[in-house]
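This is what each chain is made of:
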Amino acid sequence: DTWRFGLEETEGSVQYAYAEAFKDLIEEKSDGDITVQILPYGVWGSNYSALYDALQSGAIPISFGSGFLGGTVPESQLMSLNYVMPNDQLETAEILNSDAFMQSDAWQQSFRSRGLVPLAAVPEGFQVWTANKEIRTPEDMKGLQIRVMDNSLLRATYQAYGAAPITIAYGELYSALQQGQAEGNIQPVFAHENMGFYEVQDYMIFAEQAQFIGNLIANQDWYEALPDDQQEMLQSTLDEMVQKGNDIQTQFNAERLETIKDNSDIKIIHLDEQERSRFRELARPVRQVYVDMVGERGKQALDILLKQVEESKSGSSD
Ligand code: 6CS
């Protein structure tokens, strides 16, 4: 069998490295009966709705879906909320992949009612802001045309911060930043490097408001037709990938930050706790925006998540 695996990112990304490690494990465990074929951004196309359509039709039975997925699975925008998850990145991965959250009816049905099955959540590192000016306060962000993924929750979040968010396709973002159509950007560090975005931005601001989370998703008919032993093999691989995924993102983001520092004179700013607290306060009411937008099932998913975070060791970033 061949398992086609679609990525929202190019070679050299966290999703690509995750898919390679996943491929190695599956091919080894299946003794070569299964081949995983990795289809990065640009290979299957470059319009995310085409990827999600292929996932829903089964043409690409496994795929990542993240910030652009809100049109297909509105509840998935939960992953875009700011200042909800613990500060500890591995702990975030563990909570999102816990049975209590990942296997909950609320989360499963959000996807299954659209012919999809959520397999895992893959945190890809903190979302880091860039701009051509220093941003330390909501006042600094006022009116800033910061680019967000096509996601109502993100637009609401950055409007709450005072910015004027705009949506631009991933593949068009470099030239939009270069030409000043977008004045700011939000990506994990590896993506700022991988896509060259840092070359056309002057400041990089760490606010630790959220990680970038990729949802790993299967086509439901495909998943349900898998023999039991293959479903078990898939699940045991996903369990192993929680730690491995965290190792990959930690290493990628650390190394790429060094590359960015070596190749540019971009100024790096870390907001302190007091500075973060202003953004945190403004992000808080956006939880209700999420609930109003997606309804009861999404509210249940949010409540389960908040309970897990509350019980976590390091506590919430809230
Ligand atoms: O900003 C984006 O559109 C894309 N960025 C990353 C790091 N992954 C996929 C996402 O669509």
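Worth saying up front: this structure is predicted, and the values here are computed from it rather than measured.

Trainee: Just to check I follow, could you spell out the overall build of the protein for this structure?
Mentor: Per the secondary structure count, the protein includes 14 helices and 10 strands. Oriented by its inertia axes, the alpha-carbon framework of the protein measures out at about 55 × 40 × 35 Å. Classification of the 318 residues of the protein by burial places 57% in the buried group. Within the protein, contacts between residues separated by at least 24 positions form 75% of all contacts whose residues are at least 6 apart in sequence. If you sum the accessible surface of the protein, you get close to 12,800 Å²; carbon and sulfur atoms cover 43% of it. If you average the places of the 23 positive and of the 50 negative side-chain charges in the protein, the two averages end up 7 Å apart.

Trainee: Sorry, what's going on with the environment of E183 here?
Mentor: Looking at the element boundaries, E183 is found in the loop between α8 (173-178) and β7 (184-188). For E183, a relative accessible area of 34% translates into the label partly exposed. In sequence terms E183 and K307 are 124 residues apart; their C-alpha atoms lie 37 Å from each other. When neighbours within four sequence positions are excluded, E183 is seen to be in contact with T130, A131, N132, G143, L144, Q145 and Q201.

Trainee: Just to check I follow, could you spell out helix α2 (residues 48-57) for this structure?
Mentor: Residues spaced three or four apart along an α-helix point in a common direction, a consequence of the helix completing one turn every 3.6 residues. Taken together, the buried positions of α2 are Y48, L51, Y52, A54 and L55. Projection of α2 onto a plane perpendicular to its axis shows the buried side chains occupying an angular sector of 155 degrees, all on one side. Those residues of α2 hidden inside the fold are in contact with β1 (2-6), β3 (62-65), β4 (116-131) and β9 (211-219). In the stretch just after α2, G58 is the one whose phi turns positive, near 95 degrees.

Trainee: Sorry if this is basic, but what is going on with the site of the ligand here?
Mentor: Looking at the ligand, the residues that line it are E8, E9, Y48, F68, R147, M149, Y170, Q187, P188, A191 and F212. Taking R147, its side chain carries an N or O atom lying 2.7 Å from an oxygen atom of the ligand. Residue Q187 places a side-chain N or O atom 2.9 Å away from an oxygen atom belonging to the ligand. Structurally, the ligand is housed in the second largest cavity. Looking at side-chain class alone, the shell around the ligand contains seven nonpolar, one polar and three charged residues.

Trainee: What am I meant to see in the pattern of salt bridges here?
Mentor: Oppositely charged side chains can pair when the atoms bearing their charge come close. The full count for this structure, using the stated rule, is 15 salt bridges. In this structure, the salt-bridge partner of K23 is E27, at a minimum N-O distance of 2.8 Å. Of the two residues, K23 and E27 both sit in helix α1 (residues 14-29), four residues apart, roughly one turn of that helix. Of the charged contacts, one joins E240 and K29 as a salt bridge, the two residues approaching to 2.8 Å between their closest N and O atoms. Taken together, the residues E240 in helix α11 (residues 228-263) and K29 in helix α1 connect sequence positions 211 residues apart. For E240, a relative accessible area of 36% puts it in the partly exposed group. Here K29 falls in the partly exposed class, since its relative accessible area comes to 30%. Sharing partners across several salt bridges, the network here consists of E75, R114 and R297.

Trainee: Would you explain the environment of A210 in this entry?
Mentor: Counting through the fold element by element, A210 comes out in the loop between β8 (203-206) and β9. The spacing of A210 and P86 is 124 residues in sequence and 9.2 Å in space, taken between C-alpha atoms. Setting aside chain neighbours within four positions, we find A210 in contact with L81, N82, F126 and Q127.

Trainee: Even after reading the chapter, I still don't get the nonpolar core, so can you show me in this structure?
Mentor: As a rule of thumb, nonpolar side chains are buried together in soluble globular proteins. If you look at the biggest cluster of nonpolar residues, it comprises 102 residues, and the most contacted ones within it are W3, F5, Y18, F22, W129 and Y158. The element contributing the most residues to this core is α1, with nine residues. Once you skip the residues sitting within four places of it in the chain, Y158 turns out to touch N82, W129, M141, I146, V148, A163, P165, I186 and Q209. With eight residues, the next largest nonpolar core counts V189, Y198, M204 and L257 among its residues.

Trainee: I would appreciate a short explanation of the pairing of β3 in the present structure.
Mentor: Residues in a regular strand project their side chains so that they alternate between the two faces of the sheet. Residues I62 and F64 of β3 are buried on one face, and the alternating residues S63 and G65, pointing to the opposite face, are buried as well. Alignment of β1 against β3, held across two bridges, turns out to be parallel. If you follow G6 over to β3, its bridge partner there is S63. Sheet analysis places β3 next to β9, joined by four bridges and oriented antiparallel. Residue pairing across strands places I62 opposite A218, the latter belonging to β9.

What counts, and at which threshold
Residues numbered from 1 in each chain as written. Predicted model: local features only at pLDDT ≥ 70, side-chain atom pairs only at ≥ 80, totals over all residues. Heavy atoms only, no water. Helix = DSSP H or I, 4+ residues; strand = E, 2+ residues; numbered from the N terminus. Buried < 20%, exposed > 50% of the residue type's maximum accessible area, 1.4 Å probe, protein only. Contact = heavy atoms within 4.5 Å. Areas by Shrake-Rupley, 256 points an atom, 1.4 Å probe, with all protein chains shown as cover. Lys, Arg positive; Asp, Glu negative; His and termini not counted. Charge placed at Lys NZ, Arg CZ, Asp CG, Glu CD. Arc of directions from axis to C-beta. Near = heavy atom within 4 Å. Polar contact = N/O pair within 3.5 Å; in protein donor to acceptor, adjacent residues only side chain to side chain. 1 Å grid on protein atoms, 1.4 Å probe; cavity = no way out; pocket = protein on both sides within 12 Å on 5 of 7 lines; lining within 4 Å. Sits in = over half its atoms within 2 Å of the grid points. Nonpolar A, V, L, I, M, F, W, Y, C, P; charged D, E, K, R; others polar. Salt bridge = Lys/Arg side-chain N within 4 Å of Asp/Glu carboxyl O. Core = buried A, V, L, I, M, F, W, Y, C linked by side-chain atoms within 4.5 Å. Pairing = 2+ DSSP bridges.

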